[in-house]
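Residue-level structure breakdown
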Amino acid sequence: TEIDNDRAETLHARGLSLVSMGKLAEGWAEYETRFNPRFAQSCYFAVKAPRWDAEDLKGRKLLVVGEQGLGDEIMFAGMIPDLIERVGPDGKVMIACDHRLVPLFQRSFPQTHVGIEGHTKHNTKPVRVVQWAQGDLQPDFYTPMGSPLTQLRTRVENFPARAYLKPDPARVRFWHDRLAALGPGPYVGICWRSMLMTTQRKKMFSALEFWGPVLEKTSVKFVNLQYGDCRAELDFARENLGAIIHNFEDLDLKNNLDDNAALCAALDLAVSAPTAAAALAAATGTETWFLAAGRVWPQLGTDHYPWYAKTRVLMPEKFADWPALMSRLSK
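What you see is a predicted model; the values in this text were computed from it and never measured.

Calculation rules
- Residue positions within a chain follow its written sequence, with the count starting from 1.
- pLDDT decides what is reported in this predicted model: residues at 70 or higher carry local features, side-chain atom pairs at 80 or more are listed and counted, and totals for whole chains, interfaces and linings draw on all residues regardless.
- Calculated side-chain values reflect all of the structure's heavy atoms, with hydrogen atoms and water omitted.
- Definition of nonpolar core: a set of buried residues of the types Ala, Val, Leu, Ile, Met, Phe, Trp, Tyr and Cys, connected through side-chain atoms within 4.5 Å.
- Buried, partly exposed and exposed residues are distinguished by accessible area as a fraction of the type maximum, computed with a 1.4 Å probe on protein chains only: under 20%, between the cut-offs, and over 50%, respectively.
- Secondary structure is summarised from DSSP: a helix means a run of H or I of at least four residues, a strand means a run of E of at least two, and numbering begins at the N terminus for each.
- Only heavy atoms enter the contact rule, under which two residues are in contact if any of them lie within 4.5 Å.
- The rule for a salt bridge is simple: a side-chain nitrogen of Lys or Arg has to be within 4 Å of a carboxyl oxygen of Asp or Glu.
- Two strands pair under a simple rule: DSSP has to find at least two bridges between them.
- For every element, the axis is a line fit to its C-alpha atoms; helices are fit only across the contacting stretch, and the angle between N-to-C directions ranges from 0 to 180 degrees.

**Section: the nonpolar core**
- Within the largest apolar cluster, 72 residues are counted, with the highest numbers of intra-cluster contacts made by W28, F105, W307 and Y308.
- At eight residues, the largest contribution of residues to this core is made by helix α12 (residues 276-283).
- Apart from residues no more than four positions distant in its own chain, Y308 is found in contact with M75, A161, R162, Y164, A279, A282, A283 and F290.
- Judged by nonpolar contacts, the second largest core, of 24 residues, contains F222, C230, L234 and A237.

**With respect to the pattern of salt bridges**
- Inspection of the entire model under this criterion finds 19 salt bridges.
- A salt bridge links R128 to E73; the shortest N-O distance between them is 3.4 Å. Linking R128 in strand β6 (residues 125-129) with E73 in helix α3 (residues 70-76), this pair joins segments that are 55 residues apart in sequence. The same class applies to R128 as to E73, namely buried.
- A salt bridge links R193 to E233; the nearest nitrogen and oxygen atoms lie 2.7 Å apart. Of the two residues, R193 sits in the loop between β8 (187-191) and α8 (199-202) while E233 sits in helix α10 (residues 231-240), which places them 40 residues apart along the sequence.
- Taking relative accessible area as the criterion, R193 reaches 14% and is therefore assigned buried.
- Take E233: its relative accessible area is 22%, and that puts it in the partly exposed class.
- Counted as one network, the salt bridges with shared partners bring together E32, R34, R51 and E67.

**Thoughts on the sheet that holds strand β7 (residues 141-144)**
- Strand order in the open sheet made by the four strands is β4-β3-β2-β7, with parallel pairing throughout. The strands lining the two open edges of the sheet, one partner per strand, are β4 (113-116) and β7. Averaged over all pairs of adjacent strands, the angle between strand axes in this sheet comes to 20°, irrespective of strand direction.
- With four bridges connecting them, strand β3 (residues 92-97) and β4 associate as parallel partners. If you follow C97 over to β4, its bridge partner there is I116.
- Most of the contacts of helix α4 (residues 80-87) go to β3, to which it runs at about 150°, and overall it touches β2 (61-65) and β3.

See below:
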């Protein structure tokens with residue numbers, strides 16, 4: 001349907017609002033506006049196949065293409081087992097995702113073919129390219145990774161509470177041993193912000209300085225899950241808060257997501273802002289507490305993230321009142 005730019009933005013926002021209230025069937029339909037060219041953040045998919053629109057998938061080849069950010073790809077991947085079931089033993093699910101997720105997704109979904117998604121631009125719009133989807137891997141249909149929500153997750157009850165990402169068991173044992181070497185647990189991973197910190201996004205994340213009441217819990221071994229260069233913040237915590245946040249410098253948390261997932265699986269708990277770090281920990285089955293400035297749409301009208309096995313969402317009574325939230329969390 002031809003719509004103007006304002007209408008596209010309005011429909012997308014309305015879709016997320018409906019989803020936030022738990023009205024999933026209606027909300028997901030309008031959330032699909034994110035692919036309308038009039039929507040400012042829309043993208044294209046360079047795939048030689050029709051887009052899947054609820055056709056029977058038995059015995060067919062379905063290409064699932066990543067969309068949006070890393071955390072979204074991890075979150076939406078919870079539907080891959082459902083799609084594997086839909087294509088059946090004579091069909092094939094193929095996944096194009098961020099290159100950092102390829103080994104983890106291939107181990108987690110061994111019946112699938114997992115490859116890298118490419119990125120380019122067309123008239124300033126981002127384009128997802130899957131060059132390897134040809135020959136024996138030519139799909140009958142493709143779908144953006146989040147679009148099966150309209151078919152598979154029309155009610156909160158449709159979300160299975162399962163751990164669907166499977167780290168390398170040997171690496172999980174390795175990280176168990178590394179954590180044990182720190183002394184008695186519990187071992188709690190923490191991540192306090194996104195790497196993308198625009199002026200608008202800053203209010204959504206708590207600065208590390210507010211974590212003081214939590215980090216003074218000396219019976220807990222806190223482990224860094226904050227990806228990117230955060231050395232100055234770790235130094236700040238040690239020098240100004242008297243807190244030790246254990247940081248494994250031999251693990252690249254940003255780029256080595258396979259080993260990062262193994263570390264997450266070895267933890268007792270992850271406490272994180274709503275970031276890819278939280279998504280990774282939760283998808284491996286580690287209990288994860290999301291610290292939010294206020295209600296966020298992936299809660300789907302609940303007090304947790306139904307996408308994962310064991311989660312809680314903690315938020316202050318007043319929007320972004322981080323000192324109050326951290327005081328409560330420390331008790």
